[in-house]
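# Observations on chain architecture
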Amino acid sequence: MRGTITATGILLVVLLAYAGSCIIRPFRDCWLCDGRGHHRSKRKSKLSRPCRWCKASGKRLRFGRRLWNRVRRVHRDAAAGARIAR
Amino acid sequence: MTTLPIEYDDERHVIEADKVGGAVDPADRRTTFADVVTRTDARRPIVPAALRNPDARRALVRWSAGYGGHTALYHLTRSPKYAAKVAVYAPRGAWRVSASVIWWAVGGRENFQLRQEAASKNDPHTWQQLDRRREKASAARWWVVGAGLVLLLAVVVGAGLAGMPPVGWYAAVVGLVLLAAHYGRPADRPIVDRVTTKAAFTKLTGEMVRAAVVALGIGVKEPGQITFPPPGIHKDGPGWLARFNLPGAIVATKVLESRDGLAAALRLPVDQVWPEVGPDHPGQVDLWVGYQPSSKMGQPRWALAGDTARTSIFEPQPFGTDARQRPVSTVLFERNVLIGGQPGSGKSYAARTLATIAALDPTCELKIAEFKGTGDFLDMAPLCSTYACGVDDEALSTGRDVIAWALAECERRGERIKRARERGEAPLGKVTPELAAKRGSGLHPVFILLDEVHELFLAYPDAADMAERVAKRGRALGIILVLATQIADRDSVPPNITRCVVTRWCLSVGGQVENDMILGTGAYKRGLTATVYQPGVDAGWGVITGNGKAGSVRSFFPDPKTAAAIVARAAQLRGQVIGEDVERVEARDMLADARAVLRPGEAGVPWAVLAERLAELAPDMYTGITADMVRESLARYGVDSMDVKVGRKNLKGARRTSLEAAQQRREIEAE
Ligand SMILES: [Zn+2]
């Protein structure tokens, strides 16, 4: 019982922290290029090619924020649609 | 000049256009040095009006003490509840404060919306740029926060080293906790409960006044038309004073007439709203609104109730207060007063305040006659040289004797004043304070009070004539006549008397007619309306004219103990009764006297001759009587003014036949 409560508490805190980070720092470093925006080249002389995963920015939107943006867009479109329909 | 040629068939008319306008205003003049040094602009007083007089200060202190005491007890009983609330709100407040400090330090609010937008659009480049800007702003802020923390630490350590007593630490902690609770409470939920349930009237605002005046419908259309000259709305005594100008030619009396409407528009009781005509021009209103209705405000202490009070009838003495609780004073010397009001209006007490002023002047003789018979002035009887009470023949004839005495005294005093003037002691031909105080001068002030005087005038019509003469002549001679009555119509109190009396104090009356009978024709229309007072509730309130600025005055109303103390003090000041009782003058019958002075063979006498002969016949009674007075007095018996032949001329006078006819009529009526 106590374990469940503790676990729930910890989960809640972690979730809150994640939500906070989605607001305050919505971008994280790209996993593929480690936030550099381009791939490390094999040979030193050759120019490195840009990372396509993060479109060379080195940053990716957090999953939570991506989800949230999607939800909001859907909601907004629905509201706009309803307005037009009326 | 414009010419307009108009062509007709064969004629030619030249019509000249009218010349319109032209400068009528004089050119503006430059301000000269003389203008500056002769400026008489009203300066604002240094001490606020609410603190200027001792009574107002006392009232303020009393109110503050009462209010403070109540508030303290109220909160003390609720302190456990407050403690519980603080326990909840303080941690919240602490969290809120620290969070907002950190949020500020990291620059959280710096272009927050823009960054969120960038995130929503999945635009990492913009976001990074914006975030770099935030970082830049934030860098300096961390230094500030750090410095603040260091300073706080330094203060705490410093206080610790300096040996702050534990009380200090507790106080600091309590202060911090309360501060935290203040920030932690919801905006609509104060920690302490309200002391007063109803939102009491606390402040008069320009908006309120403007809205109320527009609502009156007296011609003010726009709220902006009403202007407030400096100093604007301010505290004055226990209330607020708004001085404002009405637009155009709207006069202030319009507002005064609809005082009820004004009170309704302000949502206040009528006796809390006191409009007056302002000092600068007829379109200016001084609207005073009390913190409380005057019926609930009580009255400041009467200066004459003091242990060392002593008055002089030659100096202003307070006898009442105005709506703003300021004392209203009067100089009794050279003054006759008419007090009118319906039963229950507090008439006798109003008269009593004036009698008190006279009583506390140890040189002043008192003669009081009261024709109600309830002994309102019984306690003052030992101070009076003559005192009568009742509606019986004895009291009424005493009243008449008092007036007859006063008339004869006027005659005697006239002689004395003349001699004093010759000696240079009475430069203006009237009693001076020195003469009044001089023993044996025979010119000491005399205060005559006749309450319910209409009883006397109905019983003895000639008393009214004598009273009129006393009112006219006695002023300069130190004889003060105060008449109080509940009926002031022409049959009970002849208009001649009302005309002679300058100071009129009209307490609660039933209607406009009664109001104007006491205050004079047109008083009601000018806004002097004593009809607003209700008998009993507003006892003592009245409108006074002829004593400085006309307005509302409420007479002082000492409690029985204070009244007794005042009388005791007056007795002690005097030592003995001033003056002597009146001699009982035999009642004279003017019709009989007129017939007696008619010489055999005369068909009639002109009024002037009749007046002279009457004065010879009974100097005590008729000295100073004029032809007009004789005519008016005899007209009451039905003696007409007719032509009387003197030599070859015809003069107006009384004919023997009319006198005889009047006598016969009276005899028939008596049967
Ligand atoms: Zn990448």
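These numbers come from a predicted model, not from an experiment. (Residues numbered from 1 in each chain as written. Chains lettered and ligands numbered in written order. Predicted model: local features only at pLDDT ≥ 70, side-chain atom pairs only at ≥ 80, totals over all residues. Heavy atoms only, no water.)

Residues and elements named next belong to chain B. Evaluated as defined, the whole model comprises 25 salt bridges over all chains. With its nearest N and O atoms 2.9 Å apart, the salt bridge here joins glutamate 409 to arginine 412. On the criterion of helical spacing, the pair formed by glutamate 409 and arginine 412 is a turn pair, its members being three residues apart in helix α12 (residues 393–423). For glutamate 409, the salt bridge is made with arginine 413, and the minimal N-O distance between the two is 2.9 Å. Linking glutamate 409 with arginine 413, this pair stays in helix α12, spanning four residues, or about one helical turn. The residues glutamate 409 and arginine 413 share a single accessibility class, namely buried. A single network of salt bridges, built from pairs that share partners, joins Glu409, Arg412, Arg413 and Arg416. (Salt bridge = Lys/Arg side-chain N within 4 Å of Asp/Glu carboxyl O. Helix = DSSP H or I, 4+ residues; strand = E, 2+ residues; numbered from the N terminus. Buried < 20%, exposed > 50% of the residue type's maximum accessible area, 1.4 Å probe, protein only.)

All names here are of chain A. Protein-derived ligands of the zinc ion are Cys30 (SG), Cys33 (SG), Cys51 (SG) and Cys54 (SG), with the metal-ligand distances lying across 2.2 to 2.3 Å. With four donor atoms in place around the zinc ion and angles of 98 to 117 degrees between them, the coordination shape is tetrahedral. Look at where the donors of the zinc ion fall in the sequence and you get C-x2-C-x17-C-x2-C. Taking the relative accessible area as the measure of exposure, cysteine 51 reaches 2% and is therefore buried. (Donors = N, O, S within 2.8 Å, 3.2 Å for Na, K, Ca; no water. Tetrahedral: all angles 85-135°; square planar, octahedral: opposite > 155°, others 65-115°.)

Turning our attention to unusual backbone geometry. Residues and elements named next belong to chain A. Of note, aspartate 34 is a non-glycine position whose phi angle comes to about 55 degrees, a positive value. Inspection of the secondary structure assignment puts aspartate 34 in the loop between β1 (27–29) and β2 (59–61). The backbone of lysine 55 sits at a positive phi, close to 50 degrees, despite the residue not being glycine. Residue placement: lysine 55 occurs in the loop between β1 and β2. The exposed category is assigned to lysine 55, whose relative accessible area is 73%.

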